[in-house]
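Here's the letter readout for the chains.
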Amino acid sequence: GESVGLHLPTLSVQEGDNSIINCAYSNSASDYFIWYKQESGKGPQFIIDIRSNMDKRQGQRVTVLLNKTVKHLSLQIAATQPGDSAVYFCAGGATGTASKLTFGTGTRLQVTL
Amino acid sequence: GAGVSQTPSNKVTEKGKYVELRCDPISGHTALYWYRQSLGQGPEFLIYFQGTGAADDSGLPNDRFFAVRPEGSVSTLKIQRTERGDSAVYLCASSPHPGTEAFFGQGTRLTVV
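Quantities reported herein were computed from a predicted structural model and do not represent experimental measurements.

**Q** Hey, could you run me through the layout of surface pockets in this one?
**A** Empty space among the atoms can be located by rolling a probe the size of a water molecule over them. Estimates place the volume of the largest pocket at around 610 Å³. Lining the largest pocket we find 28 residues, and of these Gln38 and Gly41 of chain A together with Gln37, Leu39 and Arg109 of chain B sit closest to its centre. Elements represented by at least two residues in the lining of the largest pocket include exactly strand E9 (86-93) and strand E11 (107-112) of chain A together with strand E9 (88-95) and strand E11 (108-112) of chain B. Among the residues forming the lining of the largest pocket, the class breakdown is eight nonpolar, 16 polar and four charged.

And the structure:
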């Protein structure tokens, strides 16, 4: 079945630096991926998504890269700010399963001043 | 409302009791999802509704869990004979169509004592 995992449980980054959070998935049928940000006591907040027919997508200060060959995706945050401190989840789904997303365990991003 | 609303935000119940958790999705969103999140873990899929019908309930852990969405909008997750292991944050999400970005509510923290 689908499994989505993250390489590092905690990432510490200095304010102003760029952050890169990595994620691996196992299900070749996955064709839709989302990155979520979750702050303490809140629900996951949508950041950016990407479909398998793309290898890169950019948003405001964020870029998601998808490498289908090695089943890997990453989230890049430019000029990391203290407000970016949170747990970040990647989630994958397959169109045929109506967006039933499989989440990884998350990476905690800590932004130091 | 502007976002997905879940009530109550916190619920403490005694082992063996019955609980209902409510989700008000974003107006007009046809797809609704329930997830469960244990401490330090990513959300885990429970059930997905498309309109009034449960299109995928493969994530419900056992027959003590049941969810309804009678009018295609508000949904209620029902848990019978609660057990301490049911303690978690129950998240609801909705999306305009299946396969598009899902927006989460803030969750209901259920504690079974």
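**Q** What is the right way to read the pairing of strand E2 (residues 10-14) of chain A from this model?
**A** On a regular strand, each side chain points to the face opposite its neighbour's, so the side chains alternate between the two faces of the sheet. Residue and element names in this part refer to chain A. Side-chain alternation along E2 places Leu11 and Val13 on a buried face and Thr10, Ser12 and Gln14 on a face that remains uncovered. Where E2 lies against E11, five bridges are found, and the strand directions are parallel. Bridging from a neighbouring strand, Thr10 pairs with Arg108 of E11.

**Q** Looking at this structure, how should I read the state of the cysteines?
**A** Two cysteines form a disulfide when their sulfur atoms are joined by a covalent bond. All names here are of chain B. Counted by the stated rule, this structure contains two disulfides over all chains. Covalent S-S linkage joins Cys23 and Cys92, the inter-sulfur distance amounting to 1.9 Å. Disulfide Cys23 to Cys92: torsion about the S-S bond roughly -65°, handedness left-handed. Note that Cys23 is positioned in strand E3 (residues 19-24) and Cys92 in strand E9, a separation of 69 residues in sequence. Residue class for Cys23 comes out buried when judged on its relative accessible area of 0%.

The rules behind each value
- Residues numbered from 1 in each chain as written.
- Chains lettered and ligands numbered in written order.
- Predicted model: local features only at pLDDT ≥ 70, side-chain atom pairs only at ≥ 80, totals over all residues.
- Heavy atoms only, no water.
- 1 Å grid on protein atoms, 1.4 Å probe; cavity = no way out; pocket = protein on both sides within 12 Å on 5 of 7 lines; lining within 4 Å.
- Points joined across faces, edges and corners; volume = space filled by probe spheres on them.
- Helix = DSSP H or I, 4+ residues; strand = E, 2+ residues; numbered from the N terminus.
- Nonpolar A, V, L, I, M, F, W, Y, C, P; charged D, E, K, R; others polar.
- Buried < 20%, exposed > 50% of the residue type's maximum accessible area, 1.4 Å probe, protein only.
- Pairing = 2+ DSSP bridges.
- Disulfide = S-S within 2.5 Å.

In short, geometric facts, not functional conclusions.
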